Structure formats: structure tokens, C-alpha cells
2 protein chains.
Amino acid sequence: MSAPAEAVLDAIETRRGAVNAALSTYLPVREPEHLYRASRHLLDAGGKRLRPAVTLMVAEALADSDRSDPDYRAFPPLEPDEEPIDMMAAAVSIETIQSFTLIHDDIMDEDDLRRGVPSVHRAYDTETAILAGDTLYAKAFEFMLETGAPAERTVQALSELARTCTRICEGQSLDVAFEGREDVTTDEYIGMVEQKTAVLYAAAARIPAVLLGANETTTDALCQYGLDIGRAFQIRDDVLDLTVPSEELGKQRGSDLVEGKRTAVTLHASEHGVDLDSLVEAETPAAVTEAEIDAAVAELDAAGSIEYARTLSRDLVESGKSHLEVLPDNEPRQLLAGVAEYLIERGY
Amino acid sequence: MSAPAEAVLDAIETRRGAVNAALSTYLPVREPEHLYRASRHLLDAGGKRLRPAVTLMVAEALADSDRSDPDYRAFPPLEPDEEPIDMMAAAVSIETIQSFTLIHDDIMDEDDLRRGVPSVHRAYDTETAILAGDTLYAKAFEFMLETGAPAERTVQALSELARTCTRICEGQSLDVAFEGREDVTTDEYIGMVEQKTAVLYAAAARIPAVLLGANETTTDALCQYGLDIGRAFQIRDDVLDLTVPSEELGKQRGSDLVEGKRTAVTLHASEHGVDLDSLVEAETPAAVTEAEIDAAVAELDAAGSIEYARTLSRDLVESGKSHLEVLPDNEPRQLLAGVAEYLIERGY
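Scope of this entry: the structure provided in the associated data block. (Residues numbered from 1 in each chain as written. Chains lettered and ligands numbered in written order. Predicted model: local features only at pLDDT ≥ 70, side-chain atom pairs only at ≥ 80, totals over all residues. Heavy atoms only, no water.)

### Considering the overall build of chain A
Okay, so step 1: Of the regular secondary structure elements, chain A holds 15 helices and two strands.
Okay, so step 2: For chain A, whose C-alpha radius of gyration is 20 Å, the value lies close to the compact-globule estimate of 20 Å for 348 residues.
Okay, so step 3: Burial analysis of chain A (348 residues in total) assigns 59% to the buried set.
Okay, so step 4: In chain A, once contacts between residues fewer than 6 apart in sequence are set aside, the share between residues at least 24 apart is 75%.
Okay, so step 5: Accessible surface, chain A as shown: approximately 13200 Å² in total, 46% of it carbon and sulfur. (Helix = DSSP H or I, 4+ residues; strand = E, 2+ residues; numbered from the N terminus. Rg over C-alpha atoms; globule rule 2.2 N^0.38 Å. Buried < 20%, exposed > 50% of the residue type's maximum accessible area, 1.4 Å probe, protein only. Contact = heavy atoms within 4.5 Å. Areas by Shrake-Rupley, 256 points an atom, 1.4 Å probe, with all protein chains shown as cover.)

In C-alpha cells form, the structure reads like this:
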């Protein structure tokens, strides 16, 4: 059972506030200031902090903690004779990895805008952006070392974090390679999305369980929950790029189409006879008109491609929720089910 | 006492071969092949593997192992009841970090050549180079997790590695900032070199001691050894850029001068009345003539700046060697002293 949508939004918002406060402490602007300001640029620009919220909620569910305001820096351990664990350090670590990948991805994709502000390589320059990403990368590992969990579990969490970063790089490499290929299938695409996007949701859900000493059945199920909702999230993003007004998206609607990116929607359309090359004439997001996007969306809709992606993301969310049965039946577990639904119900 | 120069060269060469063999195993070209080929590009182009050689020699000195061909993957622990430690995993981790920083630095500095081959962003493209560096970054952490050392020590080693990466980024940021400043002092420069370059030598020397469970006096002294020889290495590089023929350097001699980089040589010259802006007229390494470089070097020499940098690097090497007294008086310790001397005696 999922918590009501309003309770889920409240819960995400509460944890977002806690994560933001922690980010200020963990990642202060110190010398060299230019580097740390650039490193914080996207973190300060906003973001829903969904991945660290998942980390915190998994910890709450396992510790059966339904306090509305738990002290995440002295989080109750599963065994009474253990030291408290700083779960916020793990949550901040996950968000820091996410921010590093956004900075480097924006350079690679030549994206000028992110969260409604200039991307780091536009607000600063490419050199600073590369270095800001590299700094956050190291900091994420530093933070994950600061949870105070027993050394064996910290080693496991670090191992998960490092392997996750490797897979994100592999996924991004596939994403770039797909842009030069005409014959990418939806299955290949979903595999790429798993590597590039879903593995960080999997780490966000699995690592708190590892740090708390949960058994392997539990950590594996949470990993699956993360993989499912992460894929659902990206496929939902593919739909939102076509259906949400530009001002709400924080970038031009339909920019995936203009840039010729493969998505769950366009790959389905291509497999069902739509000629992707003729969908949009404009070659840059700045040059495209709303009417052109509307016409393209109508054609994709007629091919059933938007409905296909919507159904796929909904199926993944249902699968993700089923893995939560390993957790105690408590409020945080209902919130995690609610987060899965939020990922595909959200407007942007 | 240092080992004879020839024995040091032999010892470096032996360990270079062992590290290269291990790199093939630890970092095979797997899917996505394009990404892993790019990640291996500079590693395959050569390199003396000095940092991993230091890691292996420190381990040998501490374990009092004077075998000419120790099995680094089942390295004898200090305590007889402990499991063997895969010290090669730590050595490969250090070299992998080094390779990641070279790839990203070459993008930032717009350097076209490295080790006599095109830099990764030239041989491939900037997107691939960013991603290849990011992949090696994650892999380095994976490798450091694979030594089989007790979890507490692995956590310490990882912590050292993460903090080292943060400091390298901070140092690189200072290096870039210095290019836009007219008033950089030699002291500031040496501080930057410590952050950007020396900390990885410090990690290379300290981490094997941490993994073997050496006491804090020993690990601290080895850290100081690394910081000293790392600074000596960079300052020696500043001299070699001016004095070694281009074909041996693998890039244009005097390119630091052409590019207006601050070095120990030029900062000393500037502090002693030399007008750096008038030293070289050419604006790119491709446009400069040997005669122009010769004239500039003569002027720097007359100001005593080359001798200053030579003396500074020699003093640092002497200081570095003094810290080796914490080690047993054995052959590997003499090799470590010899590596320190090699760093400033080498021709390129």
C-alpha cells in the first residue's frame, strides 16, 4: 500500500530540507572558492533530492522509525549494542554523485540549461566544470566514509558506490554511441537507461540497508526496487520532455526530438513505422516552434508511442513496489511505494 | 644510503613490468570497448610507473622482503596470522588515479601530446576523454577495495585516496587560477605543487603502510617522504621543460614558457627582475623556434633561476630521504632513497 500522494509530497519535501541543510555543512564554500562555488552551482539551483530521500526512507523503514523528524546524523542502529549511524552522510554522498554526473553530462551533451539556470560549463567554463565534477566525485567517497558504520559495512557501501560510478560511465558511453546508430532497439535503450540512470537509484536504496547490516535478501530486493523505479523515472522523463510546457521543464519542450536523442517514445515510434528524421525540421532547441513540436507529438501519439512509454513506466513502478515486501510494514515503506508512484505521476 | 643508480633503474624497470602486466588484468578492454580503449590510451602509451613502484617498494621495505621477485598479489603480511595482501591492487589503483588526472588535465590545459602520442581528447574527442577519466576514477576506488586487507585498514586507505583526489582537484584549480595572476610567489607555487602533484606520491608511499598495519609514526613519515619527492619531481620537471630536447620530452621544449605557465624557474626569475612577457614572442609551441627558446633559457640561467630550481629540488630530495629512517635498514629502503635521487637525476 502506498501512502496518500499528499503525504508523499510532504515526506519528500521534509527530507529535501534536511538534505539541503546537510549539504551546506558537508560541502561549504572553502578555498579555492571558485572551485567550490562551481561545485555547488547545480546543488544550489534546486533539485528534488529524490535519491537521498529514498536513502533516508529505506533507513527509516528498516529501523522501523516512524518519527516525523528523525536525527539522521545519529540514526538508530538495528542492533542495540551498535553505535548510531550518520545516515545523512550516505544520503549526501548519493546526491553528490548525482550532481557530479549532471555537471559532466551537460558538458558532453552541450546542454546550456539545467534546473532553469546555466549549466556549470556555461556559468563558469569547461575547465572549471570538469574540475568541479571531479571534486564532487572525490567528496562523495569522503562522505560515504563518514557514516560511522562498522568497517566491513563501510567497505561494502564503498564498493557499491564505486561499481555504481563505473556503470554510470558505461551507460553514458552507450548513450553517446546510440546517437550515432540507426538501429537501436527499445530493449537496448532500456538496458542503457538501467546503467546510466537506474543504478544510482539502486545504490540509494541498497546502501542504507548495507550500512545498517540488513541481510542479503533485503539488500538485493532494495537494489531491484531502485533499478525498477530508476528506469521508470527516465522513461517518464522521456514522456515529460514532450508533454510539459517549456517554462515548467526549465528547458525547451521537445528538445530530445530536436537533438535526435533516442528515447523510449521515439524508439517505439521508429519500430512502428514513424520516420523520426522528418518529425522536426528545426536543428536547435532555440529554433523550434511550439507548433512544430505539437505536430510531432500528435504523430507519436497516433503511433501509440506515448501510451507505450507511459505503460512501460507504470509496469516498472508496480514491479518496484513489489520488492518492498522485504521491509517491515510501516509508514516509511508506504512512503517508498508512494515515491515510486510519484516518479511517474509528477508533472515535471 | 641509496642503492646504486643502476640498481635503482633495474628495480624501477622490474616493478614497471609487473604493474603493466597487472594493469592488463585489472583493466581489460571490455564493453563498451570504445570507452575502455580510451581509458587505456595513455596507460598503453608508456609511463615509468614511479608512483606504483614506490607503493611496492614501501611494502617490501616494511615486510623486510628482499626477494627480487615477490608475489605482490599475495604479499606477506606483517603479522603471521593475517591473510596475505594484494599490494598490486593498491599499486594499480594509484597509477589509475594518475592516469585519470592526466586525461582531464590535458583537456583543461588543451595539451595535444602526452607521452609522445595524441592526448585522449585528441585521439578520441572531449566527451570520450571526460568519460574515460571518470571511468578510471571509479576503477581506482574499486581496485583499492580489492587488496584483501582487514576492513579497518581498507577504510583508512580509501579515506586517504578520496582526500588525495580532493586535494589534486584543489591544486589543479589553483594552477589554473595562477595563470590569470601576475603576483604569484614561489612559496604559493610550491604549495600548489604540493596539492596538485605531491599528494599522490604521498598516498603512494603511505597507503601500503596503512594496508600492512604500520604504526602512525611510520605512515606519517612515509607521507612526508612522498610530499618531498613529489615536489622535487615537479620542480625538476620545470627545469627539464627548458633543458631537454623536444624529441626526448615527447613535446615542444620550453612549452611552459610559450604558454605563460608559472614554474619554479620563471617565478624565481620574475622575483629577480626578469620580464617574463618579453622572454618568448611566439604564442604557441608550434610557432616557437629553438633559437628563441635558447635565448630565453640563457636569460633565466643568468638570473640564477635554473640553479635555484635545481637546488630546491635537491634539498627536497634530501629531506625526503631523511624520512625513510622509520623503515628497516634493508635493500627496498635503499631503493626508495634511490628513487628520490632518480627523480632529480633523470634526463626526462
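### Some words on the interface of chain A and chain B
Okay, so step 1: In this assembly, 36 residues from chain A lie in contact with 36 residues from chain B.
Okay, so step 2: Summing the contributions of chain A and of chain B, the shared interface buries around 3100 Å²; its carbon and sulfur component is 74%.
Okay, so step 3: Interface area lost by chain A to chain B is led by A:Met108, A:Leu131 and A:Glu170, which between them contribute 17%.
Okay, so step 4: Connecting chain A to chain B are two salt bridges.
Okay, so step 5: The partner of B:Glu170 in a salt bridge is A:Arg30, with the nearest N and O atoms 3.2 Å apart. (Buried area = accessible area lost by both parts, 1.4 Å probe. Salt bridge = Lys/Arg side-chain N within 4 Å of Asp/Glu carboxyl O.)

### Regarding the pattern of salt bridges
Residues and elements named next belong to chain A.
Okay, so step 1: Counted according to the given criterion, the structure contains 52 salt bridges over all chains.
Okay, so step 2: Between Arg 122 and Asp 112 there is a salt bridge, and its shortest N-O distance comes to 2.6 Å. Highlighted residues: Arg 122 in helix α5 (residues 120-123) and Asp 112 in the loop between α4 (87-109) and β1 (113-114), separated in sequence by 10 residues.
Okay, so step 3: It is possible to trace a salt-bridge network through shared partners that takes in Arg 314, Glu 318, Lys 321, Glu 341 and Glu 345.

### A look at unusual backbone geometry
Okay, so step 1: The omega torsion across A:Glu31 and A:Pro32 is -10 degrees, close enough to zero to call that bond cis.
Okay, so step 2: If you check the backbone angles, A:Glu110 has positive phi at about 55 degrees while not being a glycine.
Okay, so step 3: By the secondary structure assignment, A:Glu110 is in the loop between α4 and β1.
Okay, so step 4: In the Ramachandran plot, B:Arg49 falls in the positive-phi region, its phi being about 55 degrees despite a non-glycine side chain.
Okay, so step 5: The exposure class assigned to B:Arg49 is buried, which follows from its relative accessible area of 4%.

### What to know about the relation of the copies chain A and chain B
Okay, so step 1: Once turned by 180 degrees and shifted 0.0 Å along the axis, chain A lies on chain B with an RMSD of 0.0 Å. A rotation of that kind, with that shift, is consistent with a two-fold axis. When C-alpha distances to the rotation axis are compared across chain A, the minimum falls at A:Ala151, with a value of 2.7 Å.
Okay, so step 2: With an isologous cut-off of 70% or more, the 100% of interface residues of chain A that recur at the interface of chain B puts this contact in the isologous class. (Least-squares fit on C-alpha atoms with pLDDT ≥ 70 in both.)

### Section: empty space enclosed by the protein
Okay, so step 1: Enumeration over the complete set of coordinates arrives at two cavities of 30 Å³ or more.
Okay, so step 2: By volume, the largest cavity is sized at about 80 Å³.
Okay, so step 3: Looking at the lining of the largest cavity, the elements that each hand over two or more residues are α4 and α7 (151-179) of chain A together with α6 (126-144) of chain B.
Okay, so step 4: The leading source of residues in the lining of the largest cavity is α4(A), at five residues.
Okay, so step 5: Across the lining of the largest cavity, the residue classes tally to seven nonpolar, three polar and two charged.
Okay, so step 6: Here the second largest cavity is characterised by a volume of approximately 50 Å³.
Okay, so step 7: If you trace the second largest cavity, you find it lined by A:Leu131, A:Asp134, B:Phe100, B:Thr101, B:His104, B:Asp105, B:Met108, B:Ile168 and B:Cys169. (1 Å grid on protein atoms, 1.4 Å probe; cavity = no way out; pocket = protein on both sides within 12 Å on 5 of 7 lines; lining within 4 Å. Points joined across faces, edges and corners; volume = space filled by probe spheres on them. Nonpolar A, V, L, I, M, F, W, Y, C, P; charged D, E, K, R; others polar.)

### Side note on the side chain of A:Arg231
Okay, so step 1: Of note, A:Arg231 is situated in helix α9 (residues 216-243).
Okay, so step 2: For A:Arg231, the residues in contact, after removing those within four places along its chain, are A:Ile190, A:Val193, A:Glu194, A:Ala198 and A:Leu316.

### Focus: the state of the cysteines
Residues and elements named next belong to chain B.
Okay, so step 1: Overall, the coordinates contain zero disulfides over all chains when judged by the stated rule.
Okay, so step 2: Just so you know, Cys 169 is unpaired, no disulfide at all, and the nearest cysteine sulfur is the one on Cys 165, 6.9 Å from it.
Okay, so step 3: In this structure Cys 169 comes out as buried when scored by relative accessible area, which is 3%.
Okay, so step 4: Free of any disulfide, Cys 223 has its nearest cysteine sulfur in Cys 165, 15 Å distant. (Disulfide = S-S within 2.5 Å.)

### Quick notes on the environment of A:Ala209
Residues and elements named next belong to chain A.
Okay, so step 1: Among the structural elements, Ala 209 can be located in helix α8 (residues 186-212).
Okay, so step 2: Taking the C-alpha atoms as reference points, Ala 209 and Glu 82, separated by 127 residues in sequence, lie 15 Å from one another.
Okay, so step 3: Ignoring sequence-local partners within four residues, the contact set of Ala 209 consists of Val 58, Leu 62, Ala 214, Thr 219 and Leu 222.

### Brief notes about the environment of B:Val210
Okay, so step 1: Looking at the secondary structure, you find B:Val210 in helix α8 (residues 186-211).
Okay, so step 2: Apart from residues lying up to four places away in sequence, B:Val210 is in contact with B:Arg153, B:Gln156, B:Ala157 and B:Thr219.

### Notes on the packing of aromatic side chains
Okay, so step 1: With the rule as written, the count across this model stands at 12 aromatic pairs over all chains.
Okay, so step 2: Ring centres 4.1 Å apart and planes at 25 degrees place the aromatic pair A:Phe100 and A:Tyr137 in the stacked group. You can see A:Phe100 sitting in helix α4 and its partner A:Tyr137 sitting in helix α6 (residues 126-144), a full 37 residues away along the chain.
Okay, so step 3: Overall, the relative accessible area of 4% leaves A:Phe100 in the buried class.
Okay, so step 4: Taken together, the ring pairs connect A:Phe100, A:Tyr137, A:Phe141, B:Phe100, B:Tyr137 and B:Phe141 into an aromatic cluster. (Phe/Tyr/Trp six-rings, centres within 6.5 Å; stacked < 30°, edge-to-face > 60°.)

### Side note on helix α13 (residues 290-302) of chain A
Residues and elements named next belong to chain A.
Okay, so step 1: Between its terminal C-alpha atoms α13 stretches 18 Å, which fits the 18 Å expected from 13 residues at 1.5 Å a residue.
Okay, so step 2: Taken as a whole, α13 has its buried residues at Glu 292, Ile 293, Ala 296, Val 297 and Leu 300. For α13, the arc enclosing every buried residue in end-on projection is 130 degrees, short of the 170-degree limit, so these residues lie on one face. What points out from α13, more than 90 degrees from its buried face, is the exposed set Ala 291 and Ala 302. (Expected span 1.5 Å × (residues − 1). Arc of directions from axis to C-beta.)

### A short note on the environment of B:Ala157
Residues and elements named next belong to chain B.
Okay, so step 1: As for its position among the elements, Ala 157 is in helix α7 (residues 151-179).
Okay, so step 2: Looking at Ala 157, the relative accessible area reads 0%, which means it is buried.
Okay, so step 3: Considered as a pair, Ala 157 and Gln 224 are 67 residues apart in the sequence and their alpha carbons are 16 Å apart.
Okay, so step 4: Apart from residues no more than four positions distant in its own chain, Ala 157 is found in contact with Met 144, Ile 207, Val 210 and Leu 211.

### As for the packing of helix α14 (residues 305-322) of chain A against helix α15 (residues 331-345) of chain A
Residues and elements named next belong to chain A.
Okay, so step 1: The geometry of α14 relative to α15 is characterised by a closest axis approach of 9 Å and an angle of 170 degrees between their N-to-C directions. By the angle class used here, α14 and α15 are roughly antiparallel. When α14 is examined against α15, the residues Ser 313, Arg 314, Val 317, Glu 318 and Lys 321 are found in contact with a partner set consisting of Ala 337, Ala 340, Glu 341, Ile 344 and Glu 345. (Axes fitted to C-alpha atoms, helices over the stretch in contact; angles between N-to-C directions. Parallel < 35°, antiparallel > 145°, perpendicular 65-115°, else oblique.)

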